[in-house]
Amino acid sequence: MTEDLVGFQHQKQNCHCESIVKNRNVNNVQFSRHYGDLLWVSRDYHPFLIQKDYFHGTGYGNDKLIMQDKMFHLSGIKQLGENYNKIHLYKGKSARDALQEKGILEEFTKMNPYNPSIKFSSNLAQIAKKPLTNDYDLTYYGIISIGTPPQFFKVVFDTGSSNLWVPSVYCKSFACSNHNKFNPNTSSTYRNTSRTISVQYGTGAMSGILGYDTVTVGSIVDTNQIFGLSMNEPGNFFHYVQYDGVLGLAYPAISASGATPFFDNLMRKGLVSQKLFSFYLSRHSRAGSVVTFGGYDPAYYNGSIQWIPLSSKTYWQITVQNVKVQGQVVACVHGCEAIVDTGTSMIIGDSNNINNILARVGMHKDQNGKYSVNCKNIASMPDVTFVINRVEFALPASAYVVQTSSSCSSGFSPSNYQFWILGDVFLREWYSIFDRANNMVGLAKAI
């Protein structure tokens, strides 16, 4: 598949996509909103997204747009059912990068310490079900539309939460000021409610209202999806992230205000042929990551799928038997609970266990209190192996060391909580399938 195509909304009309791209005068074609170096193009309200470079100059070379439907892109893949949808995720700039570019990262992190585990605090869950987190390194997002005509939003597809929410025109917070905001007054299909939503975030909360509208994710059109319209987003953190909102994919039990999660609606309405979805997260490139609703794609993994039963139908929670380095158990000696979470960038664990792992692999705190390593040592560092359901899932140093142009730091982060979070550092190495029908997580070695 050409790298020019990042996402595509399957068009119900007989759309000749190459003609739309190559002839800017085709009827009903609009070249609309820019997202960094991406450009939305739509015809009759059916959008697709390509790199802006595709339009530069007078020639278009031999590149072609390829439709993301079963006739063109994924024919012959048995694991994908009749009703499936593949959404390409974009790997954008993290909040850490944005803050560093502005020279305010150190000051900002002192005032807003990294604490992703607050998202899963049982105390907070009793209050608002889905606390937000200030995750400085989260980079993967996809684009959805809400309303008629569609209004576009970048969202994190988050298996660690259950609500869909985006900023609204009613939000006057600084955090909303540079994001796309939903305007219910311009959508002919919007239906309001008298219900409110409050989502815990650090020392404050995102608050807003709930409404119903048509939500389009790739070729899936959910005509009556409840979602949150934020009216207040405390603090400055969301000003520095590239995504606008969150699309939660966990269980209804943790949904704030009892709002029906997006995937539950898809299952209930028969919009997916299989009650599961899957993720492939690219290791380095900006393009290539995908979330697939209704199936899983063997093009993204090698070997067999290992199926792991859930220990709780709230988050995607599983039991880890132990963690090994060079054959020796160094963490989770008596087992531990872990949440498989696409909405967290790191691997999070309690401080004692994480410190044991880092000491065994040769990582130490630098003068800033950050665990780091000489980048030249990565090739000689040992694997960290998670034993889950009696199967070993190894992470090489190239996976658990976060490499930038200037440093190499730990992809493990200590917390004050006893449960673990297997975030993107883990999921880049292991293709993940989230099976609602059987309440299991499937893991297979990612390509």
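Residues numbered from 1 in each chain as written. Predicted model: local features only at pLDDT ≥ 70, side-chain atom pairs only at ≥ 80, totals over all residues. Heavy atoms only, no water.

1. Regarding the pattern of salt bridges
Here's step 1: Enumeration over the complete set of coordinates arrives at six salt bridges.
Here's step 2: In this structure, the salt-bridge partner of Asp297 is Lys86, at a minimum N-O distance of 2.8 Å. Taken together, the positions of Asp297 in the loop between strand 14 (289–295) and strand 15 (301–309) and Lys86 in strand 5 (residues 80–91) put the pair 211 residues apart, joining distant regions of the chain.
Here's step 3: Under the relative-accessibility criterion, Lys86 is labelled buried at 2%. (Salt bridge = Lys/Arg side-chain N within 4 Å of Asp/Glu carboxyl O. Helix = DSSP H or I, 4+ residues; strand = E, 2+ residues; numbered from the N terminus. Buried < 20%, exposed > 50% of the residue type's maximum accessible area, 1.4 Å probe, protein only.)

2. Here we look at the pairing of strand 6 (residues 140–146)
Here's step 1: Of all seven residues making up strand 6, seven are buried, and the element is well covered by its neighbours.
Here's step 2: Here strand 6 shows a buried face lined by Tyr140, Gly142, Ile144 and Ile146 and a second buried face lined by Tyr141, Ile143 and Ser145.
Here's step 3: Alignment of strand 6 against strand 7 (residues 151–158), held across five bridges, turns out to be antiparallel. Counterpart to Gly142 in the pairing with strand 7 is Val155. (Pairing = 2+ DSSP bridges.)

3. Considering the UniProt feature "active site" (unreviewed entry) in the chain
Here's step 1: Within the UniProt annotation, "active site" (unreviewed entry) is assigned to Asp158 and Asp341. These annotated residues cover 184 residues of sequence, but their C-alpha atoms sit close together, with the largest distance between any two at 6.7 Å.
Here's step 2: Residue placement: Asp158 occurs in strand 7.
Here's step 3: You can call Asp158 buried: its relative accessible area is 2%.
Here's step 4: Among the polar contacts listed, one links the side chain of Asp158 to the side chain of Ser161, at a separation of 2.7 Å.
Here's step 5: If you trace the backbone, Asp341 turns up in the loop between strand 19 (336–340) and strand 20 (347–350). (UniProt positions renumbered as here; feature names shortened; annotations may be inferred. Polar contact = N/O pair within 3.5 Å; in protein donor to acceptor, adjacent residues only side chain to side chain.)

4. Thoughts on the state of the cysteines
Here's step 1: Applying the stated criterion across every chain, the model contains three disulfides.
Here's step 2: Here Cys171 is linked by a disulfide to Cys176, with a sulfur-sulfur distance of 2.0 Å. On the S-S bond that ties Cys171 to Cys176, the torsion sits near 80°, and the link is right-handed.
Here's step 3: Since its relative accessible area comes to 4%, Cys171 is described here as buried.
Here's step 4: We classify Cys176 as buried; its relative accessible area is 0%.
Here's step 5: In this model, Cys332 is linked to Cys336 through a disulfide, with the two sulfur atoms separated by 1.9 Å. On the sign convention where negative is left-handed, the bridge of Cys332 and Cys336, at about 80° about the S-S bond, is right-handed. Note on accessibility: Cys332 and Cys336 belong to one class, buried. (Disulfide = S-S within 2.5 Å.)

5. Here we look at the packing of aromatic side chains
Here's step 1: For the structure shown, the criterion picks out 24 aromatic pairs.
Here's step 2: Pairing Phe182 with Phe227 gives two aromatic rings, centres 5.2 Å apart and planes at 90°, and the pair type is edge-to-face. Of this pair, Phe182 sits in the loop between strand 8 (164–167) and strand 9 (191–201) while Phe227 sits in strand 11 (residues 220–232), placing them 45 residues apart in sequence. When sorted by exposure, Phe182 lands in the same class as Phe227, which is buried.
Here's step 3: Seen from their ring centres, Phe393 and Trp430 are 4.9 Å apart, and the 80° between their planes marks the pair as edge-to-face. Within this pair, whereas Phe393 is found in strand 24 (residues 391–395), its partner Trp430 is found in strand 29 (residues 430–435), the two being separated by 37 residues in sequence.
Here's step 4: What links up through ring pairs into an aromatic cluster is the set Phe157, Tyr251, Phe262, Phe263, Phe277, Phe279, Phe293, Trp316 and Phe434.
Here's step 5: Residue placement shows Arg436 over the ring face of Tyr251; its charged tip is 4.3 Å from the ring centre.
Here's step 6: Of note, Lys445 hangs over the ring of Trp430, and the distance from its end group to the ring centre comes to 5.2 Å. (Phe/Tyr/Trp six-rings, centres within 6.5 Å; stacked < 30°, edge-to-face > 60°. Lys NZ or Arg CZ within 6 Å of the ring centre and 35° of its normal.)

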